[in-house]
Amino acid sequence: LLEDDMKMRDLNALHLRESNDKLKKEAASLKKDITKWRAKADELEDAQVQAKNLEDTLEEKCEENKSLHERVRELEADLEKRRCESWRSNARIDTLQDKAHEGLIKIN
């Protein structure tokens, strides 16, 4: 009976050691997974910061673009105004040249 009891204890101890070894391996595997997922979380956090920075940069560039478009509209309006002034000046010059030519014809 004592011998059977000892064999049973030995078997139980062996079984517990095997279970313990198996649990240690699972724990080590889980620690590796946790480390891997933490690294992925850090990468994701970095990517989110980069995305936020890019959004901010994009917003700044859009504001700059709006300002540039407004400046282009102002310059186009100024150019149109100058064209009109140029046409009027050219028309006056043509009129003065015509009058000068008529005056010369009358003098001759």
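Residues numbered from 1 in each chain as written. Predicted model: local features only at pLDDT ≥ 70, side-chain atom pairs only at ≥ 80, totals over all residues. Heavy atoms only, no water.

Caption draft 1: Local environment of the overall build of the protein. Across its full length, the protein carries 1 helix and 0 strands. In terms of overall dimensions, the protein is more spread out than a globule: its C-alpha atoms have a radius of gyration of 46 Å, far above the 13 Å expected for 108 residues. Taken over 108 residues, the protein has a buried fraction of 0%. Per element, the accessible surface of the protein, about 10,500 Å² overall, is 57% carbon and sulfur. The positive charge centre, built from 23 side chains, and the negative charge centre, built from 27, are 2 Å apart in the protein. (Helix = DSSP H or I, 4+ residues; strand = E, 2+ residues; numbered from the N terminus. Rg over C-alpha atoms; globule rule 2.2 N^0.38 Å. Buried < 20%, exposed > 50% of the residue type's maximum accessible area, 1.4 Å probe, protein only. Areas by Shrake-Rupley, 256 points an atom, 1.4 Å probe, with all protein chains shown as cover. Lys, Arg positive; Asp, Glu negative; His and termini not counted. Charge placed at Lys NZ, Arg CZ, Asp CG, Glu CD.)

Caption draft 2: Geometry of a negative patch on the surface. Judged by side-chain charge, Asp42, Glu43, Glu45 and Asp46 come together as a negatively charged surface patch. Looking at the element boundaries, Asp42 is found in helix H1 (residues 2–107). (Patch = residues over 30% accessible without salt bridge, like charges linked within 9 Å, V, L, I, M, F, W, Y side chains within 5 Å. Salt bridge = Lys/Arg side-chain N within 4 Å of Asp/Glu carboxyl O.)

Caption draft 3: Structural context of the packing of aromatic side chains. Enumeration over the complete set of coordinates arrives at 0 aromatic pairs. We note Lys40 situated over the ring of Trp37; from NZ or CZ to the ring centre the distance is 5.9 Å. (Phe/Tyr/Trp six-rings, centres within 6.5 Å; stacked < 30°, edge-to-face > 60°. Lys NZ or Arg CZ within 6 Å of the ring centre and 35° of its normal.)

Caption draft 4: View of the pattern of salt bridges. Inspection of every chain in the model, using the stated rule, returns 9 salt bridges. Between Lys7 and Glu3 there is a salt bridge, with the nearest N and O atoms lying 3.8 Å from each other. Taken as a pair, Lys7 and Glu3 lie in helix H1 at a separation of 4 residues, close to a single helical turn. Among the salt bridges present, the one from Arg83 reaches Glu80, with a minimum N-O distance of 3.5 Å. Taken together, the positions of Arg83 and Glu80, both in helix H1 and 3 residues apart, correspond to about one turn of that helix. Assessed through its relative accessible area of 40%, Arg83 is described here as partly exposed.

Caption draft 5: Region of the structure containing a nonpolar patch on the surface. On the surface, Met8, Leu11 and Leu14 cluster together to form a nonpolar patch covering roughly 290 Å² of accessible area. Among the structural elements, Met8 can be located in helix H1.

Caption draft 6: Just the environment of Glu26, in detail. Mapped onto the elements, Glu26 comes out in helix H1. A relative accessible area of 41% means that Glu26 is categorised as partly exposed.

Caption draft 7: Highlighting the environment of Lys106. Considering the arrangement of structural elements, one finds Lys106 in helix H1. Of the residues examined, Lys106 reaches a relative accessible area of 73% and is grouped as exposed. A sequence separation of 74 residues divides Lys106 from Lys32, and the C-alpha atoms of the two residues are 108 Å apart.

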